[in-house]
Amino acid sequence: MNRIFSTIRLSDILFACAVMFCLTVHIKYTFASSKSVSQAGGMIPTYSYKVVNVYPHDRHAFIQGLAFVGGFFYEGTGLMGRSSLRRVELETGNVLKIHKIADHIFGEGVTVFNNKIIQLTWKSKVGFVYEKHSFKLLREFNCQTEGWGITHDGKRLMISDGSATIYFLDTESLKEIGRIPVHDENGPVERLNELEYVNGKIYANVWKTDRIAMISPDSGRVTGWIDLTGLLGPEDKSKPVNVLNGIAYDSENGRLFVTGKLWPKLFEIKLVAPY
Ligand SMILES: [Ca+2]
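Small disclaimer: the values here were computed from a predicted structure and weren't measured. Chains are numbered independently. Their residues run from 1 in the order of the written sequence. Totals for whole chains, interfaces and linings use all residues, but because this is a predicted model, local features are given only for residues with pLDDT of at least 70 and pairs of side-chain atoms are given and counted only at 80 or more.

Considerations on the overall build of the protein chain
Only DSSP runs of H or I covering at least 4 residues are called helices, and only runs of E covering at least 2 are called strands; the numbering of each starts at the N terminus. From N to C terminus, the protein chain includes one helix and 22 strands. Put plainly, a residue is buried at 20 or more neighbouring C-beta atoms within 10 Å of its own, exposed at 12 or fewer, and partly exposed in between, counting only other residues' C-beta atoms, which are placed from the backbone. Sorting the 275 residues of the protein chain into buried and exposed places 33% on the buried side. The contacts of the protein chain with a sequence gap of at least 6 include a subset with a gap of at least 24, amounting to 49%. Contact definition: two residues whose C-beta atoms, as placed from backbone geometry, lie within 7 Å.

So, the sheet that holds strand S8 (residues 126-131)
Here a strand pair is declared whenever DSSP counts at least two bridges between the two strands. Here four strands make up an open sheet; going across it, the order is S6-S7-S8-S9 and the pairing antiparallel. Each end of this open sheet is capped by a strand with a single partner; those strands are strand S6 (107-113) and strand S9 (137-142). Taken pair by pair, the neighbouring strands of this sheet meet at an average axis angle of 20°, ignoring direction. Two elements, strand S7 (residues 116-121) and S8, share four bridges in a ladder whose sense is antiparallel. Within S8, the position partnered with Ile 117 by the bridge is Tyr 130. Where helices are involved, their axes are fitted lines through C-alpha atoms of the stretch in contact, as for all axes, and angles between N-to-C directions lie from 0 to 180°.

Quick look at the nonpolar core
By size, the foremost hydrophobic cluster in this structure holds 52 residues, and its most contacted members are Ile 150, Met 158, Val 182, Ile 202, Ala 204, Ala 213 and Ile 215. Those residues in contact with Ala 204 that lie beyond four places of it in its chain are Gly 149, Ser 160, Leu 192, Asn 193, Leu 195, Ile 212, Ala 213 and Ile 215. For this entry, the nonpolar core is defined as buried Ala, Val, Leu, Ile, Met, Phe, Trp, Tyr and Cys residues connected by C-beta atoms within 7 Å.

Focus: the pairing of strand S16 (residues 192-198)
Counting buried residues in S16 gives six out of seven residues, a clear majority hidden from the surface. Two elements, S16 and strand S17 (residues 201-206), share five bridges in a ladder whose sense is antiparallel. Directly across from Leu 192, in S17, lies its bridge partner Val 206. Once S16 ends, the chain turns through two residues before running back antiparallel as S17, passing Asn 199 with a positive phi of about 50°.

Considering the sheet that holds strand S4 (residues 84-89)
Consider a sheet: its strands pair through backbone hydrogen bonds, and that pairing is either parallel or antiparallel. Spatially, four strands are ordered S2-S3-S4-S5 in an open sheet, and the strand pairing comes out antiparallel. At either margin of the open sheet sits one strand with a lone partner, and together these are strand S2 (63-69) and strand S5 (95-100). Taken over all neighbouring pairs, the strand axes of this sheet differ in orientation by 15° on average, direction set aside. Here S4 pairs with S5 via five bridges, running antiparallel.

Focus: unusual backbone geometry
Despite not being glycine, Leu 174 shows a phi value in the positive range, around 60°. One can find Leu 174 in the loop between strand S12 (165-170) and strand S13 (176-181).

Concerning the confidence of the model for the protein chain
Each residue carries a pLDDT value, the predictor's own confidence for that position, ranging from 0 to 100. Of the residues in the protein chain, 85% reach a pLDDT of 70 or more, and the chain-wide mean stands at 88. Contacts from residues 1-8, a stretch scored under 50 in pLDDT, to residues over four places away or in other chains number zero contacts. Contacts for the low-pLDDT stretch residues 21-41, under 50 throughout, to residues beyond four places or in other chains number two contacts.

Considerations on the pairing of strand S20 (residues 244-250)
Most of S20 is tucked away: five of the seven residues are buried. Connecting S20 to the next strand, strand S21 (residues 255-260), in antiparallel fashion are four residues, including Gly 254 with a positive phi near 65°.

Some details on the environment of Gly 230
Secondary-structure assignment places Gly 230 in the loop between strand S19 (222-227) and S20. Considered as a pair, Gly 230 and Asp 210 are 20 residues apart in the sequence and their alpha carbons are 8.5 Å apart.

Comments concerning the environment of Trp 225
Of note, Trp 225 is situated in strand S19. Accessibility expressed as a C-beta count within 10 Å gives 18 for Trp 225, which makes it partly exposed. For the pair Trp 225 and Ile 212, spaced 13 residues apart in sequence, the C-alpha to C-alpha distance is 5.7 Å. Setting aside chain neighbours within four positions, we find Trp 225 in contact with Ile 44, Thr 46, Tyr 47, Arg 211, Ala 213 and Met 214.

Laid out in structure tokens, this is it:
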């Protein structure tokens with residue numbers, strides 16, 4: 001009797017241990033999973049901003065591309081019949097040089113790579129390469145996607161097409177050499193627009209928002225957000241303005257500039273960390 005009782009007790013104990021072990025493993029992985037998701041979401045900081053300088057800007061310029069090189073802005077403007085490439089003076093907003101694009105083409109992003117300017121177009125599946133100083137057209141090239149924003153990291157071009165994908169292009173052949181899907185903790189980040197490469201990150205305007213995504217070029221992960229709500233005041237909206245679009249980085253002096261489509265002002269800002 002005692003032997004049977006001992007056997008039953010031993011099996012009960014083993015069964016109880018097995019149940020406890022399974023419960024422990026389940027609870028551990030359940031909590032670990034929700035914790036990592038929570039931490040991933042909570043760890044993406046949202047930066048605010050401080051305005052350092054305000055400069056006048058041509059409010060008729062439907063800004064689709066913005067770059068700052070050698071003390072000047074290089075701008076690409078859009079809309080049918082109003083698209084152009086411009087060299088613009090920082091302090092005054094004066095247009096120092098302009099190249100108008102054919103009326104049937106909608107101009108998009110621009111970037112300056114060495115002594116060349118590369119300009120995208122929206123749906124024409126063509127891009128332009130100009131000599132930086134003279135704006136002489138050096139070549140045209142084919143685009144596989146719509147053209148929205150463009151920037152570079154010194155080694156490759158980076159292009160957006162309004163989706164959640166950043167495409168990398170070879171700087172000579174202008175052919176695709178890779179791509180990354182851009183995402184945050186909620187999934188793909190769509191409508192990536194004007195781009196700027198800043199200190200190892202790709203900054204991207206998100207179309208129809210006041211937000212800029214800071215993207216890792218290696219993983220496509222959004223590592224931070226910039227919230228520019230309120231940058232353009234009500235006094236600047238007496239005439240029609242469109243969305244925030246246009247980021248330029250002065251890498252020599254560490255200045256970050258932003259503007260928008262049909263905005264009468266261009267801002268130098270500093271980012272303010274959330275903590
Ligand atoms: Ca830019």
